[in-house]
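# Structure at a glance
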Amino acid sequence: MIKKWFLLMICVLLLSLSCERDDICATSTPTTPQLTIGFFDSDNVNEAKPLNITIYKQDRSDSIVYTGASTIQIPLRTDTTATVLVFVKNPNNLVAAEDPNNADTVTFTYVPQETFISRACGYRVVFNNLTIQTNPGPDARWIDDLIINNRTIANEDTTQVFIRH
């Protein structure tokens, strides 16, 4: 009887030791932020100017489409120090009143900094020392001015970059 009791206790002990605690990442936990960009009128610098825009990777894959947007959020690459994107204003709209199907290439350069959150949530990346370079497409530049409002991208609550067009 003692052997059975002892075996039962050993089994219970092994089962309880083999269980792991449930790790669940709370939705309120900060994650890797996206870059927030606001679009403004180049003639009236305080007035938001919505536009239709498609953003591609440099090889024209993985597009993000925004319609009538005055503020957008785009992901930056966490595995390198630069993200190169093609911003196409009024894509496939050759009768647009302003800059039809016009593409500018924008290079965002930064220093990614990984921060460990928890075992459940993993890591998040904060982007420091943001700089931007634009290259107009063959049909001239549609981005008149780029203004960096915040060189550190730590959250999505503020607009880090303003584009005047």
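Before going into details, it helps to say that this report is about the structure given with it. (Residues numbered from 1 in each chain as written. Predicted model: local features only at pLDDT ≥ 70, side-chain atom pairs only at ≥ 80, totals over all residues. Heavy atoms only, no water.)

Moving on, we get to unusual backbone geometry. The backbone of Asn 90 shows a phi angle near 50°, a positive value even though the residue is not glycine. Positionally, Asn 90 belongs in the loop between strand S5 (82-89) and strand S6 (102-118). Look at Asn 90 and you get buried, because its relative accessible area is 11%. Non-glycine residue Asn 129 carries a positive phi angle of around 55°. Within the fold, Asn 129 resides in strand S7 (residues 122-136). You can call Asn 129 exposed: its relative accessible area is 51%. (Helix = DSSP H or I, 4+ residues; strand = E, 2+ residues; numbered from the N terminus. Buried < 20%, exposed > 50% of the residue type's maximum accessible area, 1.4 Å probe, protein only.)

Position of Thr 36 relative to the elements: it lies in strand S1 (residues 35-40). Its relative accessible area of 4% is what places Thr 36 among the buried residues. The residues touching Thr 36, leaving out its near neighbours within four places in the chain, are Thr 71, Ile 72, Gln 73, Glu 156, Thr 158, Thr 159, Gln 160 and Val 161. (Contact = heavy atoms within 4.5 Å.)

What follows concerns the pattern of salt bridges. Summed over the entire model, instances satisfying the criterion amount to 3 salt bridges. Here Arg 77 ties to Asp 79 by a salt bridge, and the two come within 3.0 Å at their closest N and O atoms. Relative accessible area serves as the criterion here: at 60%, Asp 79 is assigned to the exposed category. Notably, a salt bridge pairs Arg 164 with Asp 145, separated by 3.6 Å at the nearest N-O pair. (Salt bridge = Lys/Arg side-chain N within 4 Å of Asp/Glu carboxyl O.)

Take the sheet that holds S1 next. A sheet is described by the order of its strands in space; here 4 strands give the open sequence S4-S1-S9-S8, paired in mixed fashion. Each edge of the sheet is formed by a strand with only one pairing partner; in this case those strands are strand S4 (71-74) and strand S8 (145-148). The sheet shows a mean angle of 25° between the axes of neighbouring strands, direction not considered. Two strands pair when backbone bridges link them, and S1 and strand S9 (residues 161-164) are joined in this way by 4 bridges, in the parallel orientation. The residue bridging Phe 40 from the neighbouring strand is Arg 164, located in S9. (Pairing = 2+ DSSP bridges. Axes fitted to C-alpha atoms, helices over the stretch in contact; angles between N-to-C directions.)

Right, let's talk about the sheet that holds S6 for a bit. Strand order across the open sheet formed by 5 strands is S3-S2-S5-S6-S7, with antiparallel pairing between neighbours. Looking at strand neighbours, the two that pair on one side only are strand S3 (64-69) and S7, the edges of this open sheet. Pairwise comparison of adjacent strand axes, ignoring direction, gives a mean angle of 30° for this sheet. Where strand S2 (residues 51-57) lies against S5, 5 bridges are found, and the strand directions are antiparallel. Bridging from a neighbouring strand, Thr 54 pairs with Val 88 of S5.

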